[in-house]
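The chain contents come next:
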Amino acid sequence: MITQEIRFSVLVLNDEVRAIILKMLGKNEHFSFEIVSLDSLLSSRSREPNSIILIDCEGVIAFGEMVVSRIKMSRPDSKLILLSRRTNRGLIESVMELGAYGCIIEPYKEWEFETMVRLIASGPGMQKKAKIKEGGREAKKSREK
């Protein structure tokens, strides 16, 4: 079970895939998410450090494979997860080589999604972020007493 706040940026162009992913994200109270455009994702004013970016193959095809490099340059502390159909094996390989953290292949199973998110959340960047937030909560609680 994931018990720390995790922020997702969702750049999923396929309506069906987006609905599945938003349903999964909505089930966990510690997940917050925003459906984003490519422009807002690359914008310097909207950078959320240590977030998870979800993109589907349709997005990569529409914006070109180099979109992965552009996202990684814009948000180096974020992890990018590709959502893909089995038929896009060649694209998966390219996206992974360009710096994606991982790929989930349809059918998108909740356990598979949560396992990947749990692995990301247990990494050093997310753990540091969680400790900072927890420290802030503890300070707030002591001020309230």
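Structural data are supplied above this passage.
Nothing here was measured: the structure is a model prediction, and the numbers come from that model.

Q: Honestly, the environment of I104 in this entry has me stumped. Any pointers?
A: Within the secondary structure, I104 is located in strand β5 (residues 102–105). Distance from I104 to M116, taken between C-alpha atoms, is 8.7 Å for residues 12 residues apart in sequence. Apart from the residues lying within four places of it in its own chain, the contact partners of I104 are I81, L82, L83, S84, E112, F113 and M116.

Q: Can you walk me through the pairing of strand β3 (residues 52–56) in this structure?
A: Residues in a regular strand point their side chains to alternate faces of the sheet. Within β3, five of the five residues are buried, which leaves it mostly tucked inside the rest of the structure. The two faces of β3 match: I52, L54 and D56 on one face and I53 and I55 on the other face are all buried. Where β3 lies against strand β4 (residues 79–84), five bridges are found, and the strand directions are parallel. Each residue of the ladder has a partner; that of L54, found in β4, is I81.

Q: I would appreciate a short explanation of the packing of aromatic side chains in the present structure.
A: In this description, a pair of aromatic rings is defined by centroid distance and the angle of the planes. As enumerated under the stated definition, the model contains three aromatic pairs in all. Through a chain of ring-to-ring contacts, three or more aromatic side chains come together here, namely F8, F31 and F113.

Q: In this structure, what is going on with the environment of C57? I would like to understand it.
A: On the secondary structure map, C57 appears in helix α3 (residues 57–63). For the pair C57 and N88, spaced 31 residues apart in sequence, the C-alpha to C-alpha distance is 7.5 Å.

The rules behind each value
Residues numbered from 1 in each chain as written. Predicted model: local features only at pLDDT ≥ 70, side-chain atom pairs only at ≥ 80, totals over all residues. Heavy atoms only, no water. Helix = DSSP H or I, 4+ residues; strand = E, 2+ residues; numbered from the N terminus. Contact = heavy atoms within 4.5 Å. Buried < 20%, exposed > 50% of the residue type's maximum accessible area, 1.4 Å probe, protein only. Pairing = 2+ DSSP bridges. Phe/Tyr/Trp six-rings, centres within 6.5 Å; stacked < 30°, edge-to-face > 60°.

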